[in-house]
Structure formats: C-alpha cells, structure tokens
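# Fold and contact review
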Amino acid sequence: MGDTDASRIIPLPDPGGHRQRPPDAPRPWEKTDRAQAALEGATGPEPPAPPDCPDCGLVGERHVTYYGTHVLLEPGMEAPAHMVPVWHRWYVDSNGTAWNSREDEPEPGAVCCVPHRIACPGLSPEEAGLWRWLDAVREENARGARLHADGNTDPAVFPDAG
C-alpha cells in the first residue's frame, strides 16, 4: 500500500446525509424568502392550482423562482427591458426558473418578461403607473377577461350582432 503511514480509508457520509429535511424543520431563511417574493410580486398561485390570475381570471405563464415561490408572467410577451419598470423585469433561465433583476440596469438590447400583475386589468391606474404601452396590454386583457367571464374563450368568435 505504499511507503506512507497515511490512511487509505475514505470516510463515508453519515447514513442520514442523503435525506431531505422534514417539512416541519426550522428554515431560518423562510421569512426572508417570503419577504422577497412579496417585494418582487412573485405571488402567483402555487401548483396544483391552475395558473389563473385571482383578480381577472386570465391564465398567466407560471414560473418558479429561485426562492421557491411562483410568479405569473404575461404569456408570450417579451419587452425591451429598458421600457419595463425596475423591480418588474423578469428573466427566465433555460431551466424555466424566473428571476427578477430588481434595480439593475439592463444590458443594451436586453428583453425581459413582464409580470402579469402590472398588465392585469384589475389594477388601478395608480398601481400601474404611466407606462402607456402597458395601458394597451391592460385594455386587451380587460377585453379577454370579459370574454372569459362570458364563457367565450375563443377571441376569433364574434358575438351575433343581429
């Protein structure tokens, strides 16, 4: 075994080292995670609930965040990051995890996802701010919410006008 007195025994991890923590185990970071989720707007419905907005009923694009909560993003909508308000710029990694860039200045030409809550027709103008292009998205979502409430989910079908 060689000329050294060094031990060749490799210590194994303890038998419980591969186990997950019990659900009721203390998680000192949990309050911080909840505060960050509330601050960033990552308050989307958690699975197995459907990814529907609780305010308008429209379906959002739900993504998990790195701190374990979910955010509803506006489906199929990416915007130039410099046009989206700070704290509302969401990016989705290749693994589907969403993260918020907070106050960081976006790179030139960067695009980001828009959270549904700032395009939701349930928001008041004071909550939404003066972002004109988001007003157009909110108006379209209001139309979609009315169609959804009437039971007509196909926007290509027009009502019978007589």
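In short, a report on the structure. Every value quoted in this text rests on a predicted model; they were computed, and no experiment measured them.

Further remarks concern the overall build of the chain. Secondary structure summary: the chain contains four helices and five strands in total. Element order for the chain, N to C, with α for helix and β for strand: α-β-β-β-β-β-α-α-α. Per-residue burial over the chain gives 32% buried out of 162 residues. For the chain, the share of sequence-separated contacts (at least 6 apart) that also reach a separation of at least 24 residues comes to 52%.

Once that is clear, we can look at the pattern of salt bridges. Throughout the structure, instances matching the rule amount to one salt bridge. The salt bridge involving Arg143 is made with Glu140; its shortest N-O contact spans 2.7 Å. Residue Arg143 and its partner Glu140 are located together in helix H4 (residues 132–149), separated by three residues, close to a single helical turn.

To continue, consider the side chain of His116. Residue placement: His116 occurs in helix H2 (residues 116–119). Residues within four places of His116 in sequence aside, it is in contact with Cys53, Cys56, Leu58, Leu72, Leu73, Glu74 and Asn141.

Bringing the pairing of strand E2 (residues 70–80) into the picture now. Pairing of strand E1 (residues 61–64) with E2, which is carried by four bridges, proceeds in the antiparallel orientation. Bridge pairing links Val64 to His70 in E2. Between E1 and E2, which pair antiparallel in sequence order, lie five residues; one of them, Gly68, sits at a positive phi of approximately 90°. In the sheet, E2 pairs with strand E5 (residues 111–115) via four bridges, with the strands oriented antiparallel. Along E5, the bridge assignment pairs Pro80 with Val111.

That bond from Pro47 to Pro48 is cis: its omega, 15°, falls within 30 degrees of zero. Note on placement: Pro48 falls in the loop between helix H1 (30–40) and E1. The phi angle at Trp87 is positive, at roughly 70°, despite the residue not being glycine. Within the element layout of this structure, Trp87 appears in the loop between E2 and strand E3 (90–92). Unusually for a residue other than glycine, Arg102 sits at a positive phi of about 55°.

Bringing the environment of Val92 into the picture now. Relative to the assigned elements, Val92 resides in strand E3. With relative accessibility at 32%, the residue Val92 sits in the partly exposed group. With sequence-adjacent residues up to four places away left out, Val92 is seen in contact with His63, Leu73, Thr97, Ala98 and Cys113.

What tends to happen in soluble globular proteins is that the nonpolar side chains get buried as a cluster. Counting eleven residues, the largest nonpolar core is built from Met77, Ala79, Ala81, Val84, Tyr91, Ala110, Cys112, Val114, Ile118, Ala119 and Val137. Elements that contribute at least two residues to this core include exactly E2, E5 and H2. Judged by nonpolar contacts, the second largest core, of eight residues, contains Tyr67, Val71, Trp90 and Ala98.

Cut-offs used in this document
Residues numbered from 1 in each chain as written. Predicted model: local features only at pLDDT ≥ 70, side-chain atom pairs only at ≥ 80, totals over all residues. Heavy atoms only, no water. Helix = DSSP H or I, 4+ residues; strand = E, 2+ residues; numbered from the N terminus. Buried < 20%, exposed > 50% of the residue type's maximum accessible area, 1.4 Å probe, protein only. Contact = heavy atoms within 4.5 Å. Salt bridge = Lys/Arg side-chain N within 4 Å of Asp/Glu carboxyl O. Pairing = 2+ DSSP bridges. Core = buried A, V, L, I, M, F, W, Y, C linked by side-chain atoms within 4.5 Å.

The quantities given are spatial measurements derived from coordinates; they are silent on function.
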